[in-house]
Amino acid sequence: MAPAAFTVHLPPSLPMTDEQFFEFCQVNRDLRIEQNADGDLVIMSPVGSGTGNREAGIIGQLYVWNEQTGQDVVFSSSAGFKLSTGAKRSPNAGWIRLDRWNALTPEQQEQFAPICPDVVIELRSPSDSLETLQAKMREYQQEPGFQLGWLLDRGDRRAYIYRPSESVQILENSDSLSGDPVLTGFRLDLRANL
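All values reported here derive from a predicted model rather than from experimental measurement. (Residues numbered from 1 in each chain as written. Predicted model: local features only at pLDDT ≥ 70, side-chain atom pairs only at ≥ 80, totals over all residues. Heavy atoms only, no water.)

Asker: With reference to specific residues and values, describe the nonpolar core.
Answerer: W150 and L152 are the most contacted members of the largest nonpolar core, which has 21 residues in total. The set of elements that each furnish at least two residues to this core consists of α2 (49-69), β7 (93-96), β8 (119-124), β9 (148-153) and β10 (158-162). It is α2 that provides the largest number of residues to this core, a total of four residues. Residues in contact with W150, not counting those within four places in the same chain, are V120, I121, E122, M137, Y160, I161, L177, S178, G179, F186 and L188. A87, L133, Y140 and F146 belong to the second largest nonpolar core, which has twelve residues in total. (Core = buried A, V, L, I, M, F, W, Y, C linked by side-chain atoms within 4.5 Å. Buried < 20%, exposed > 50% of the residue type's maximum accessible area, 1.4 Å probe, protein only. Helix = DSSP H or I, 4+ residues; strand = E, 2+ residues; numbered from the N terminus. Contact = heavy atoms within 4.5 Å.)

Rendered as structure tokens:
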């Protein structure tokens, strides 16, 4: 099996600006690309169809709940966010309160928005390293504005729950996850996704 991701180290004398990174991603649309806090490019292989289907189910549940309860903003894995460390990440799903989103300029909203989602969901595909995804979740956990993160590991049927300044909570074989109090009344059905 091919590695899920590989890292391209850029020399310190050739750093990419935010605009150059955005343009690089635009001309390489078939690749999933992130940038870590050190400026290295992390290039990931596309996910398999099964993982893509589960991701769509998760985003769909979050989107429908959001449309029924308010006008906040839901994002797919195609959206990128610039974190306070300079890292640029694309979680499988994200949710941002509308007041935080509207505080950004239209230009910021159209590129890799300089904001961490309030809620981050990562779905582990069969080729993903659990340790790498856990490190990304800890990175989100340290960000201003972050309130809740779910790392869903279908292989081990575990859900890892992250909250600011708290130890990770691990649930095994759970049928659903409660978004309360951040996503009031939202329950993510895991039966088809975990």
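That shown, we press on.
Asker: Can you tell me about the sheet that holds β10, naming the residues and giving the values?
Answerer: Paired through backbone hydrogen bonds, the strands of a sheet run either parallel or antiparallel to each other. Across the sheet, which stays open at both edges, the six strands sit in the order β4-β7-β8-β9-β10-β11 with mixed pairing between neighbours. The open sheet terminates on both sides in strands that have one partner only, identified here as β4 (73-76) and β11 (169-172). Here the average twist between neighbouring strands, direction ignored, is 15°. In terms of strand pairing, β8 meets β9 through six bridges, oriented parallel. Directly across from V120, in β9, lies its bridge partner G149. In the packing of α2 onto the sheet, contacts are made with β4, β7, β8 and β9, and the angle to β4 comes to roughly 175°. The strands that helix α5 (residues 130-141) touches are β8, β9 and β10; relative to β8, the one it contacts most, it runs at about 180°. (Pairing = 2+ DSSP bridges. Axes fitted to C-alpha atoms, helices over the stretch in contact; angles between N-to-C directions.)

Asker: Just give me the short version of the side chain of D118, but keep the residues and values in it.
Answerer: Tracing the chain through its elements places D118 in the loop between α4 (106-110) and β8. Judged by its relative accessible area of 0%, D118 is buried.

Geometry only, nothing functional implied.
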